[in-house]
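If you want the building blocks of each chain, they are given just below.
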Amino acid sequence: MEIKYRKSVKEDISEIMTLVTEAESEMERNGINQWDELYPTEADFSEDISKGELYAGTIDGKIAVVYAINQSCDEEYKNGKWQYPEKPFMVLHRLCVSPEFQRMGVAARTVQHIENQLREQEIGAIRLDVFSENPYAVRLYEKLGFKENGTADWRKGKFLLMEKYIY
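Residues numbered from 1 in each chain as written. Predicted model: local features only at pLDDT ≥ 70, side-chain atom pairs only at ≥ 80, totals over all residues. Heavy atoms only, no water.

A. Region of interest: the overall build of the chain. The secondary structure content of the chain amounts to four helices and seven strands. Secondary structure elements in the chain, listed N-terminal to C-terminal, are β-α-α-β-β-β-α-β-α-β-β. Relative to the 2.2 N^0.38 estimate, which gives 15 Å for 167 residues, the radius of gyration of the chain is 15 Å and therefore close to what a compact globule would have. Summarising its shape, the C-alpha atoms of the chain cover approximately 40 × 35 × 30 Å along the three principal directions. Taking all 167 residues of the chain together, 51% fall into the buried category. For the chain, long-range pairs separated by at least 24 residues make up 71% of all intrachain contacts whose partners lie at least 6 apart in sequence. With the model as given, the accessible surface of the chain reaches about 8,800 Å², and the carbon-plus-sulfur share is 46%. Computed over 22 positive and 30 negative side-chain charges, the separation of the two mean positions in the chain equals 5 Å. (Helix = DSSP H or I, 4+ residues; strand = E, 2+ residues; numbered from the N terminus. Rg over C-alpha atoms; globule rule 2.2 N^0.38 Å. Buried < 20%, exposed > 50% of the residue type's maximum accessible area, 1.4 Å probe, protein only. Contact = heavy atoms within 4.5 Å. Areas by Shrake-Rupley, 256 points an atom, 1.4 Å probe, with all protein chains shown as cover. Lys, Arg positive; Asp, Glu negative; His and termini not counted. Charge placed at Lys NZ, Arg CZ, Asp CG, Glu CD.)

B. Representation of the packing of aromatic side chains. All told, the structure shown has seven aromatic pairs when counted by the stated rule. Members of the aromatic cluster, connected to one another through ring pairs, are F131, W154 and F159. (Phe/Tyr/Trp six-rings, centres within 6.5 Å; stacked < 30°, edge-to-face > 60°.)

C. Layout of the side chain of D48. Tracing the chain through its elements places D48 in helix α2 (residues 42–50). For D48, a relative accessible area of 4% corresponds to the buried category. With sequence-adjacent residues up to four places away left out, D48 is seen in contact with E53, L54, A68 and R94.

D. Seen up close, the environment of K164. As for its placement among the helices and strands, K164 is situated in strand β7 (residues 157–165). Residue K164 is classed as buried on the basis of its relative accessible area, which comes to 17%. A sequence separation of 16 residues divides K164 from E148, and the C-alpha atoms of the two residues are 9.2 Å apart. Those residues within four positions of K164 in sequence are excluded, and the remaining contacts are E115, G124, A125, I126, L144, G145 and F146. In terms of polar contacts, K164 uses its side chain to reach the backbone carbonyl oxygen of L144, at 2.5 Å. (Polar contact = N/O pair within 3.5 Å; in protein donor to acceptor, adjacent residues only side chain to side chain.)

E. Structural detail: the packing of helix α1 (residues 13–29) against α2. Interhelical geometry of α1 versus α2 gives an angle of 135° and a closest axis separation of 10 Å. When the axes of α1 and α2 are compared, the pair comes out oblique. Between α1 and α2 lies a crossing of right-handed hand. For the pair α1 and α2, the contacting residues are I13, I16, M17 and V20 in the first and E42, F45, S46 and I49 in the second. Partitioned by chemical class, the residues of the contact of α1 with α2 number six nonpolar, one polar and one charged. (Axes fitted to C-alpha atoms, helices over the stretch in contact; angles between N-to-C directions. Parallel < 35°, antiparallel > 145°, perpendicular 65-115°, else oblique. Left-handed = near helix turned anticlockwise from the far one by under 90°. Nonpolar A, V, L, I, M, F, W, Y, C, P; charged D, E, K, R; others polar.)

F. The arrangement of the pairing of β7 in detail. With seven bridges joining them, strand β5 (residues 125–131) and β7 adopt antiparallel strand pairing. When the bridges of β7 are listed, D129 appears paired with L161. Of the pairings in the sheet, the one linking strand β6 (residues 147–154) to β7 comprises seven bridges and is antiparallel in character. The partner of A152 across the bridge, within β7, is F159. (Pairing = 2+ DSSP bridges.)

G. Here's a closer look at the environment of Q34. When you line up the elements, Q34 lands in the loop between α1 and α2. The buried category is assigned to Q34, whose relative accessible area is 13%. For the pair Q34 and N134, spaced 100 residues apart in sequence, the C-alpha separation works out to 7.6 Å. Polar side-chain contacts of Q34 include one of 2.9 Å to the side chain of N134.

Structure follows, in structure tokens:
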């Protein structure tokens, strides 16, 4: 199954919000209380689109995965004991796979796509935070070679700060 990646456009927002709402419901069914009506919002995704930082991966013309990538991070990222502080880095935000396409390797393939994209730009490392109570996401990032470098406490609980050297 081929995933075609592209920058998201404002016309995608309705499909993206449907995907996110369905993913939130799936997380809740699995006892993961990570996202809700306060985060992420349509405004978050719209801002990502307006900045050119939101990407969509489509399968057969349907958005299967979205993610934002930029250099922005919350103040709590200072809690990280980053292994590659001298390397240029990007931060992965809001990676979300449609429940229709979960358990098919879409998230792993998407992260590998992002890594390849950043290598071409000579970006040295990728950073992210992952909800400590989302075992699926934690396992995914560990399997892909991300290392925990600290924690941050936000409204929903503890998040692991993770990093991977890619270039």
